[in-house]
Amino acid sequence: MPDYQELILIRLGEVALKGLNRNKFINRLINNINYRLRDLGKYKIYQDQSRIYLENRKNVTEAFPTNEILKRIKDVFGYVSASPVRRFVADEVVLFEQVEKYATELFAQLDSFTFKLETKRINKKFPLRSYDVSSKLGALVLEKFPNTAKVDVHNPDYTLYVEIRDDIYLYHQIEPARSGLPVGSSGKGMLLLSGGIDSPVAGYQMASRGLNLEGIYFHTFPYTSDQAKQKVIDLAKRIGDFSGKFHLHIVDFTEIQLELNDKVPANMLTVIMRRMMMRIADQLAAKRNINCLITGESLGQVASQTVNALMCTNHVAVRPVFRPLIGLDKNETIAIAKNIDTYETSILPYDDCCTVFVAKHPKIHPSFLDCEQAEKDLELDDLVKQGLEKIETIIV
Amino acid sequence: MQYFDHTATKLIEKDVIEFYLKQLKANNYNPAAIYASGLEAAESISNSAKSIAKNLECEPDEIIFTSGATESINTAIKGIVLSPNPKTKRILTSAGEHSATTETLKFLEQKMDYQIDVCDLDANGQINLDQLERYLKNEKYDLLTIIHVNNVLGTINPIEKIVALRNQYQKELPIHLDSVQTLGKLELNLSKLGIELASFSLHKIGTPKGIGLLYKSRNTRIEPLIHGGGQQNSLRSGTENPALVATAAYVIEKTTKFLTEDLAKINKLSNYLTSQLDQAKINYQYIPSNDAEVVPHINAILFPNLRAETLLNVLNIKDIAVSIGSACSNKKSKQNEILKKLQLPGQMDKHILRISLASNNTKEEINDLVTKISEALAKYAV
């Protein structure tokens, strides 16, 4: 048995500032963390003030899989950083032994390094004061590594953190996290996924504000291939890493698309197609008890994303449509896509329906009247119904 | 499955599988070993090289076995660049090359400071000879590397004319011919052709995958790409696979023997395909459309009313294999680039389907293919 306990310290950010609902958020976060660890094992996870601790259950003799846990919770929203920590009894002699051991493991292989100690003494019963603890432990490290260690209090290679509470906590690593709110704490959103760069990023952004997600994808086989569908499934899987269990609804949109192609003037085709998609998504959301829609639209990016075009697509949905990328430059979106590992999948070369059925000169500033006229020959309710009937739902 | 993608790979025929299996059982010793079975393996390789040389009309020691055409092309191009001959650090090529060539040249451009001059294609997809002449007249090159039969369009480049221009302006300039689509499609006489290097992929004529050839004329010096045990006159180290080499010789022999007969059959099939498309009143256009010299195996056909990817998707679920000349928005696709060079109006380069035939395709299969195309157009044309 080691004479210390390994654990992971998770620091809450925004969540800790919540008022009466605070525990709801924290419990949600704990649930989400447990969900990521579900097939790894069961761990003791508990909250203490603005922190969550994660450690082996009592009497468990197996090693605590620190790195694996850190890897798995990396994409969980709702905390600001995590540290692998050693905990031992608040005793002066033990503290010195443990720091010596920790420093040896950390520094023995290094040719040279700079360091500092940072001590917090919350437990005022501990006989040494913070400053004394830091300086004595600093001296200990210098003595142990006389040729390689150097103190640098401003910009050290390593900071050893010592927190003296009921027990003592020792660590040096602080892994920054994705922050945000725990998914599920804001409810659920229906993400319109296309397979391009933008919509996965939009999903990620909204998941970071606490939304669980479901996705809807409009498949127009044979105009879009089954590889294009697979690509969307792959993207959905990745988004699910952030947003949790992910239902992807694949609408067979071909007949509707052909009908639109037949009856809608070419210059209005894209806007009307998007209105159809929005109607179907909105009604599917209603069925699934979801109260908002999410798209990857960015103002002015293409003809269907002008203010007027957005007004036209927005108009057919009852639910609010969240467009987290609306003010982002394409490069900013690409940077996020790269950061969340969706970019390489998104740029795979399979066409989506938007690129197949695209007019040479689409109407850039359509009005409601334009839309009404363009839709006059369509049996809208039937088409929406048809779309809702032809849905394949998969859990990715 | 009905298979119309013989340009991508030719399916292995039964007799080849049997031959290969027999070889694997009997002829699988290390040809570098000096006991009887090893010596037999070495002799088998030597006999295979002789047979291949006879069929390709060159000398056995001018044949190097590789893992495939990509390795052959890399060896040819980098082998010249690394050879001890004096260098101009310039290579001349065409806009119709396969990525095995273009990516190798890009590597030389980026890592070895090479200047790559690229001759455009004309409307038929053939190299622009006037431009080639200007380049040869004005610049000195280390290598001219060019594709013989274009893998997307089937267009044949006029090698005799290219060699004549080279002889006129830069007699010493070695020519490397990407002959991947040549074997089994055109008669080939390597020693008469007047080129120095040629790369071949053998699964394109129905061997197992994993073997290619590099032809290197005796007077041409290249540095090997792969170093090791010194096999194949140190030009390509690595233990040879005697069974695979023997199978290659067997397939090349067969291909050469039946070439005239096969060509006649495929010509007929290709004409039949056209007549059926006409009969079904399908709107289509051959690319290249005029009298350009093309091999009958590769039929690049443009359907103006439907994108090739859509058509391919429909045919795929009907268990018919074809390919698209253009992988749509695949920016990395060289094929797409080649079709773009044709400067078709609109986005018509995305409407070209490649139907590639072999002599064992049947009229019934073509009937079925045309019916399925016709149905797809009726339902999905936009």
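Along each chain, numbering runs from 1 in the same order as the chain's sequence is written. As they are written, the chains are lettered A onward and the ligands numbered 1 onward, keeping that order. With the structure being a predicted model, the display of local features is reserved for residues of pLDDT at least 70 and the display and counting of side-chain atom pairs for 80 or more, all residues being used for whole-chain, interface and lining totals.

1. A short note on the overall build of chain A
- Comment: elements are numbered from the N terminus, with helices defined as DSSP H or I runs of at least four residues and strands as E runs of at least two. The helix and strand tally for chain A stands at 14 helices and 15 strands.
- C-alpha atoms define the radius of gyration, and 2.2 Å times the number of residues to the power 0.38 defines the globule rule. Compactness check: chain A gives a C-alpha radius of gyration of 27 Å against a globular reference of 21 Å for 396 residues, more than 25% above the reference.
- With the principal axes as the frame, chain A shows a C-alpha extent of 85 × 40 × 35 Å.
- Field definition: a residue is buried when 20 or more other C-beta atoms are found within 10 Å of its C-beta, exposed when 12 or fewer are, and partly exposed for counts in between, with C-beta atoms placed from the backbone. A burial count over chain A gives 39% of its 396 residues as buried.
- Of the contacts made within chain A by residues no fewer than 6 positions apart, 82% connect residues no fewer than 24 positions apart. Once C-beta atoms have been placed from the backbone, residue pairs whose C-beta atoms lie within 7 Å are recorded as contacts.

2. Some words on the environment of A:Gly189
Residues and elements named next belong to chain A.
- Mapping Gly-189 onto the fold places it in strand β10 (residues 187-192).
- Given 27 C-beta atoms within 10 Å, Gly-189 falls into the buried group.
- On a C-alpha basis, the gap between Gly-189 and Ala-335 in space is 23 Å, while along the polypeptide they are 146 residues apart.
- In this structure Gly-189 touches Met-206, Leu-211, Leu-213, Ile-290, Cys-292, Leu-293, Ile-294 and Phe-322, once residues within four positions along its chain are discounted.

3. With respect to the domain arrangement of chain A
All names here are of chain A.
- Here the bounds of each domain stem from an automatic or database domain assignment. Each domain of chain A was delimited in the assignment, giving domain 1 (5-176) and domain 2 (187-395).
- Taken over C-alpha atoms, the centre of domain 1 sits 44 Å from the centre of domain 2.
- The partner domain 2 presents 5 residues to the 4 residues of domain 1 that form the contact.
- Its residues placed into classes, the side of domain 1 that touches domain 2 shows 2 nonpolar, 1 polar and 1 charged. Three residue categories are used. Nonpolar comprises Ala, Val, Leu, Ile, Met, Phe, Trp, Tyr, Cys and Pro, charged comprises Asp, Glu, Lys and Arg, and polar comprises the others, including Gly.

4. Examining the environment of B:Phe200
Residues and elements named next belong to chain B.
- If you trace the backbone, Phe-200 turns up in strand β7 (residues 197-201).
- Residue classification places Phe-200 among the buried positions, given that 28 C-beta atoms sit within 10 Å.
- Placed 23 residues apart in sequence, Phe-200 and Leu-177 show a C-alpha to C-alpha distance of 9.2 Å.
- Beyond its immediate chain neighbours, meaning those up to four positions away, Phe-200 contacts Ala-69, Ser-72, Ser-179, Val-180, Leu-183, Gly-212 and Leu-213.

5. Brief notes about the packing of helix α5 (residues 198-207) of chain A against helix α6 (residues 226-243) of chain A
Residues and elements named next belong to chain A.
- Closest axis-to-axis distance for the α5/α6 pair is 9 Å, and the angle between their directions is 10°. Comparing the axis directions of α5 and α6 gives the class roughly parallel. Along its contact with α5, which presents Pro-200, Gly-203, Tyr-204 and Ala-207, the element α6 presents Leu-235, Arg-238, Ile-239, Phe-242 and Ser-243.
- When its residues are assigned to classes, the contact of α5 with α6 shows 6 nonpolar, 2 polar and 1 charged. Lines fitted to the C-alpha atoms define the axes, with helices restricted to the stretch that makes contact. Angles between their N-to-C directions range from 0 to 180 degrees. Reported orientations rely on four angle classes, namely roughly parallel under 35 degrees, roughly antiparallel over 145, roughly perpendicular from 65 to 115, and oblique for the rest.

6. Examining the sheet that holds strand β4 (residues 115-119) of chain B
Residues and elements named next belong to chain B.
- In this description, strands pair whenever DSSP reports at least two bridges between them. With respect to topology, 7 strands assemble into an open sheet ordered β2-β8-β7-β6-β5-β3-β4, the strand pairing being mixed. Edge positions in the sheet fall to β2 (63-66) and β4, since each of these pairs with one other strand and no more. Across the sheet, the axes of successive neighbouring strands diverge by a mean angle of 20°, strand direction being ignored.
- The sheet contact formed by strand β3 (residues 90-94) and strand β5 (residues 143-147) spans 2 bridges and is parallel. In the strand pairing of β5, Leu-92 is matched with Leu-144.
- Sheet contacts for helix α3 (residues 69-82): β2, β5, β6 (175-178), β7 and β8 (212-216); angle to β7, the most-contacted strand, approximately 165°.
- Contacting β3, β4, β5 and β6, helix α4 (residues 99-111) crosses the sheet at an angle of about 155° to β3.

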